[in-house]
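The primary structure of each chain is shown beneath.
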Amino acid sequence: MRIVVCVKQVPDPEVPPSRFRIDAEAKTVLPPSDLPPVISFFDVRACEAAVRLKDQDKTGTTVTIVSVGQVKMYYALKHALAMGADDAYSLQDEAFEGSDSFGTALILASAIKRLGDYDLVLCGRQSSDWEAGQTGTLLAEMLGVPLVTVGSEIHCADGKIRIRRALKDGYEELETQTPCVATIGGEIGLPRLPKAMEIVKAGKKPITVWNAQDLGIDPSQVGRQGAHTEVLKLYIPVREVKCELVEGGSTSELAANLIAKLKQTGAIQN
Amino acid sequence: MDFELTDTQVVFRNMAREFAEREIKPVAMEFDQKQNPKDCLPIDLYKKGFELDFHKMIIPEKNGGLGLDALTSCLMLEELAAGDPGYATTWHVNNIAFTFLYNMGNEALAERFTKPIVESEGGVAAASTTEPNGGVTSSQLIAPTEFVYETTARLDGDEWVINGAKCFCSNGGLPFTNWAMIFCRTDMAKTGVASLTPIVVPTNTPGFKLVGEEDKMGHRLSDTHSLAFVDMRVPKDNAVVGGKRVVTYEHDSAIAAICLGIGRSAYEAALDFARQRVVLGKPIIKNQMIQNKIAEMYIGLEATRALMWRTTVYSDTHPLADQKLARAVKTFASDTLNKIATDALQIHGGAGYSKGTVVEKAYRDAKVTTIYEGTNEAQKISISQMIESEL
């Protein structure tokens, strides 16, 4: 079975928000330049889902990583390789800069088609930076294959894939044919830490770089020029904390007043 | 000059940082607070370290190790020490023992004592120089010295017979310590370090005795034992001789990395506290006296990191590290850390004086760094002696 995992390199979300700056006019984020980025939160969980399947079938399953983005250092790809992936592709071209979810999905779909046969494509349910949560869905549409969203456990047997899917109040299990796309949520649990020896090996694995020409992509379809969405305003929200003491003569009166206050502020529903 | 880490170095650092967050920090305080030092050793946590290959850091790749450069090892140690410095010290001491083995010992010896550790489920090594009457400070840093080591090894046929005692031996008594490198006086005509030959002793050798564990004020997750040797016999070939410099691991930079880990934790705790603690209607971080402390802590950490990176990169790229530079980084890092730990506790006021807080633990963990591996006073004498000899 060939699994393709789409990963994104993002600014480290653990960095305090105060370190981030934005260019409001250009509507872009200016992450701190001295802090290396990391692999996106849900994408590393998609890698975990893939290598768990590989653990069950070490000889017959391969995991390929693809990533869109203009990068000098391959932090995300090396991390994924160290977790147990077999090979990695960096998809970068100046024309890709500023791609929205549609453009990113188009680039990924082109790369996956070029890779040839595949059985399963895994994506994080959303990225840690823009959190749009659309790329996986658009990718399935472009590849013309079934999609399961917010997956956790995945089982493969007899050419079919069974995916447990998180619901608001439980879970459901869906069975689908291959090839298919699944997005992975946090319900899968903690991703493994790469073993040090695997990091050493990953450091020596080559990264294949494909550009727009390699992928046969018309530059006008991707990047800012091909975007289907427009960022109208980018700003850092101002957080305001106010403390108000609820008064009341008895415990029950205090509780009633607190509930009324919470309803009034919209913190709880009527 | 490029201060950018490679992508692989960043993956290593991130892995160690995540391990510290997930595995070390949740249990470090609990183990630290136990009364009996025997109970302070987080054996399962060490086993998790074996699973991630922490014991193979500086062992060359061709011998089954990771073959990490000096900087990458230190990046990992800083992160592990931010979780707990005692935990980081166990791997650091293992790195020291293997550095001696590979740089001072011949290839056959290095291979013989690497195999049992890399081919098993995990093990570590120890190295011991210090004796009850003196050690690194009195014999290795200040030269010349009349210090006489009392642990001796004499040849009897094809075997060394070792008698004597060592103290403050880190990793000496861990259940998975495979061997210890004991520095023995073999040349009775000489004194100090010139009289010594390091000899590798498997810990299951008859006559290798654990005398007692130290009940330390800090670094409690690290094992520290006194050792006694009674007619202990090991093959003549266990002498660590005939080596070429293979490993670039830099001991003093590694201590600086551990200092950075402790200091960073204390700084972050103090910063959080200063932002949240409201006195007389405003967070205390708005007070200039606190701001001064926060700024000095930040300056200290950044200066230590810059010097530590400089020293490790120098060690990686030069056949023999500049010993002045090495001693400078150890001394600077540990003095700076102790100021940071003191200020971090001071910012907390009474809340930091109680047991079980990050800054109280950091204060205790910090102290040993100006003492071990040669006191800072001896380090400075040594630096000045080297400067004088170069004039």
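In every chain, residue numbers begin from 1 and rise along the written sequence. Chain letters start at A and ligand numbers start at 1, both assigned in the order the entries are written. Totals for whole chains, interfaces and linings use all residues, but because this is a predicted model, local features are given only for residues with pLDDT of at least 70 and pairs of side-chain atoms are given and counted only at 80 or more. Side-chain figures throughout are based on the complete set of non-hydrogen atoms in the structure, without hydrogens or water.

A. Focus on the overall build of chain B. Assigned secondary structure in chain B consists of twelve helices and nine strands. Seen through its C-alpha atoms, chain B measures out along the principal axes to roughly 80 × 50 × 40 Å. Long-range pairs, those at least 24 residues apart, make up 74% of the contacts in chain B between residues at least 6 apart in sequence. Total accessible area on chain B stands at roughly 16,500 Å², and carbon and sulfur atoms take up 54% of it. Averaging the coordinates of the 40 positive side-chain charges in chain B and doing the same for the 50 negative ones gives two points 3 Å apart. Comment: elements are numbered from the N terminus, with helices defined as DSSP H or I runs of at least four residues and strands as E runs of at least two. The contact rule is simple, with two residues in contact once any of their heavy atoms fall within 4.5 Å. Here the accessible surface of atoms and residues is derived via Shrake-Rupley with a 1.4 Å probe, and residues count as covered only by protein chains that are part of the display. Counting rule applied: Lys, Arg positive; Asp, Glu negative; His and chain ends not counted. Lysine's charge is taken at NZ, arginine's at CZ, aspartate's at CG and glutamate's at CD.

B. Structural detail: the pattern of salt bridges. Residues and elements named next belong to chain A. When a carboxyl oxygen of Asp or Glu is within 4 Å of a side-chain nitrogen of Lys or Arg, the pair counts as a salt bridge. Taken as a whole and judged by the stated rule, the model has 42 salt bridges over all chains. Of the charged contacts in the structure, one is a salt bridge between Arg 162 and Glu 175, with a shortest N-O distance of 3.5 Å. Of the two residues, Arg 162 is situated in strand 10 (residues 160–167) and Glu 175 in strand 11 (residues 170–177); the sequence distance between them amounts to 13 residues. The salt bridge partner of Lys 261 is Glu 244, with a shortest N-O separation of 2.9 Å. A residue pair is termed long-range when its members are at least 10 positions apart, and Lys 261 in helix 6 (residues 251–265) and Glu 244 in the loop between strand 13 (207–210) and helix 6 qualify at 17 residues. Three exposure classes are used, based on accessible area relative to the maximum for each residue type with a 1.4 Å probe and protein chains only: buried under 20%, partly exposed in between, and exposed over 50%. Residue classification places Lys 261 among the partly exposed positions, given a relative accessible area of 26%.

C. Structural view of helix 11 (residues 358–367) of chain B. Residue and element names in this part refer to chain B. For helix 11, a buried count of seven out of ten residues is recorded, marking the element as mostly surrounded by other parts of the structure. Listed as buried for helix 11 are Val 359, Glu 360, Lys 361, Ala 362, Arg 364, Asp 365 and Ala 366. Those residues of helix 11 that are buried lie in contact with helix 1 (7–32), helix 4 (85–104), helix 7 (251–276), helix 9 (323–348) and helix 10 (350–353).

D. Up close: a nonpolar patch on the surface. Residue and element names in this part refer to chain A. For patch detection, residues must exceed 30% relative accessible area and be free of salt bridges, and they are connected within 9 Å for like charges or within 5 Å for nonpolar side chains (Val, Leu, Ile, Met, Phe, Trp, Tyr). Taken together, the side chains of Val 29, Trp 130 and Val 231 make up a nonpolar region of the molecular surface, amounting to roughly 250 Å² of accessible area. Along the chain, the position of Val 29 falls in strand 4 (residues 28–30). Taking the relative accessible area as the measure of exposure, Val 29 reaches 35% and is therefore partly exposed.

E. Structural view of the interface of chain B and chain A. Facing 24 residues of chain B, the contacting portion of chain A comprises 21 residues. A buried area of about 1,800 Å², summed over both sides, lies between chain B and chain A, and 67% of it is on carbon and sulfur atoms. Throughout, the accessible surface (probe 1.4 Å) given up by two parts as they are put together, summed over both, is called the buried area. Among the residues of chain B in contact with chain A, Asp7(B), Val11(B) and Arg22(B) are the three that bury the most area, contributing 33% of the side total. Counting the contacts that link chain B with chain A gives one salt bridge. Its salt-bridge partner being Glu61(B), residue Lys204(A) comes within 2.5 Å of it at the nearest N-O pair. Here a polar contact means two N or O atoms within 3.5 Å. Within protein one must be a hydrogen donor candidate and the other an acceptor candidate, and residues neighboring in sequence count only if both atoms are side-chain atoms. The interface formed by chain B and chain A contains five residue pairs in polar contact (both at pLDDT 80 or more). Among the elements that make up the side of chain B that touches chain A, the one with the highest residue count is helix 1 of chain B (twelve residues). Basically, the charged four are Asp, Glu, Lys and Arg, the nonpolar ten are Ala, Val, Leu, Ile, Met, Phe, Trp, Tyr, Cys and Pro, and anything else, Gly included, counts as polar. Considering only residue class, the side of chain B that touches chain A consists of nine nonpolar, five polar and ten charged.

F. Broad picture of the sheet that holds strand 11 of chain A. Residue and element names in this part refer to chain A. The strand order across the open sheet built from nine strands is 11-10-9-12-8-1-6-7-13, with neighbouring strands paired in mixed fashion. Pairing within the sheet leaves two strands with one partner each, and these edge strands are strand 11 and strand 13. Put simply, the sheet's adjacent strands are angled 30° from each other on average, direction ignored. Judged from the six bridges that link them, strand 1 (residues 2–7) and strand 6 (residues 62–68) form a sheet pairing that is parallel. Across the sheet, the residue bridging to Val 5 is Ile 65, located in strand 6. Note: two strands are recorded as paired if DSSP finds a minimum of 2 bridges between them. Angular values range over 0 to 180 degrees, each being the angle between N-to-C directions of two axes fitted as lines to C-alpha atoms, with helices fitted over their stretch in contact.

G. Molecular detail of the nonpolar core. Buried residues of nine kinds, namely Ala, Val, Leu, Ile, Met, Phe, Trp, Tyr and Cys, make up a nonpolar core once their side-chain atoms join them within 4.5 Å. With 130 residues, the main nonpolar core has Val5(A), Ile65(A), Leu122(A), Leu80(B), Leu101(B) and Trp179(B) as its most contacted residues. Of the residues forming this core, the biggest block, 14 residues, is contributed by helix 7 of chain B. Look past the residues within four positions of Leu80(B) in its chain and what remains in contact with it is Ala16(B), Phe19(B), Ile24(B), Phe54(B), Met57(B), Tyr87(B), Ala88(B) and Trp91(B). Core analysis: the second largest hydrophobic core is formed by 27 residues, Leu115(A), Val181(A), Ile217(A) and Val222(A) among them.

Geometric descriptors of this kind do not, in isolation, establish any biological role.
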